[in-house]
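Residue-level structural notes
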Amino acid sequence: MVDAVAARIAEHVRAHDLPSVEVILHGGEPLLVRPEEIDKLVDTVRGAAGTDVLFTVQTNGTRLDRTYLELFERHQVGVGVSLDGSEQDHDRNRRTADGRGSHHKVAAGLRLLAEPPFQHLFRGLLCTIDLRNDPLETYQALLAFGPRPSTCCFRTAPGQTPLPGSTAATPPRPTPTG
């Protein structure tokens, strides 16, 4: 499958004469893939593309360890981490397979990412905001991991009041992030 993806990216690059492309490993949890497989993926895509390829991984951070970070440093793969605010707020919706909260694992991964030689790989935080969370507390919890760019998404669950100004037929308008 990796070879087919690499060939399709190369075809797209040639068809549009692109000077570079960006590949973002996002969705599910990319770090469920073993480091050796990510290493192969990056090498294969870069070898086939015929142009500069910038890689970024968006992870929930629970498996972010020195092994992955050394791989990302070697390949200059940027790293974004999902963090939904304070420990209590994050753990409400993000749990490990055994049912425990995952904030402590994410925080450990973020601390490693902040260390030399990895800190330049950090691309920012992705925060899904639950409307039950205090906005200032959420913002302060994100700042604890450095003033990096952050993207916020609003979580509205079935039965939860929609965002002001939205209806079931009208999705919420984009909110400025920074």
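That block above? That's the structure.
Residues numbered from 1 in each chain as written. Predicted model: local features only at pLDDT ≥ 70, side-chain atom pairs only at ≥ 80, totals over all residues. Heavy atoms only, no water.

Our next topic: the overall build of the chain. From N to C terminus, the chain includes 6 helices and 5 strands. Going residue by residue from the N terminus, the α and β elements of the chain occur as α-β-α-β-α-β-α-α-β-α-β. Within the chain, the fraction of its 178 residues that count as buried is 40%. Within the chain, contacts between residues at least 6 apart in sequence are counted, and of these 68% link residues at least 24 apart. Counting only carbon and sulfur atoms, one obtains 55% of the accessible surface of the chain, whose full area is about 10,400 Å². (Helix = DSSP H or I, 4+ residues; strand = E, 2+ residues; numbered from the N terminus. Buried < 20%, exposed > 50% of the residue type's maximum accessible area, 1.4 Å probe, protein only. Contact = heavy atoms within 4.5 Å. Areas by Shrake-Rupley, 256 points an atom, 1.4 Å probe, with all protein chains shown as cover.)

It is worth spelling out the packing of aromatic side chains at this point. Inspection of the entire model under this criterion finds 1 aromatic pair. Ring centres 6.1 Å apart and planes at 35° place the aromatic pair Tyr 68 and Phe 72 in the tilted group. Separated by 4 residues within a single helix, Tyr 68 and Phe 72 lie in helix H3 (residues 66-75), roughly one turn from each other. Across the pair, exposure class does not vary: Tyr 68 and Phe 72 are buried alike. (Phe/Tyr/Trp six-rings, centres within 6.5 Å; stacked < 30°, edge-to-face > 60°.)

To continue, consider the pattern of salt bridges. All told, the structure shown has 10 salt bridges when counted by the stated rule. Here Glu 115 ties to Arg 66 by a salt bridge, and the two come within 3.1 Å at their closest N and O atoms. Taken as a pair, Glu 115 in the loop between helix H5 (103-113) and strand S4 (122-130) and Arg 66 in helix H3 lie far apart in primary sequence, 49 residues in all. A relative accessible area of 33% means that Glu 115 is categorised as partly exposed. It is possible to trace a salt-bridge network through shared partners that takes in Asp 89, Arg 92, Asp 130 and Arg 132. (Salt bridge = Lys/Arg side-chain N within 4 Å of Asp/Glu carboxyl O.)

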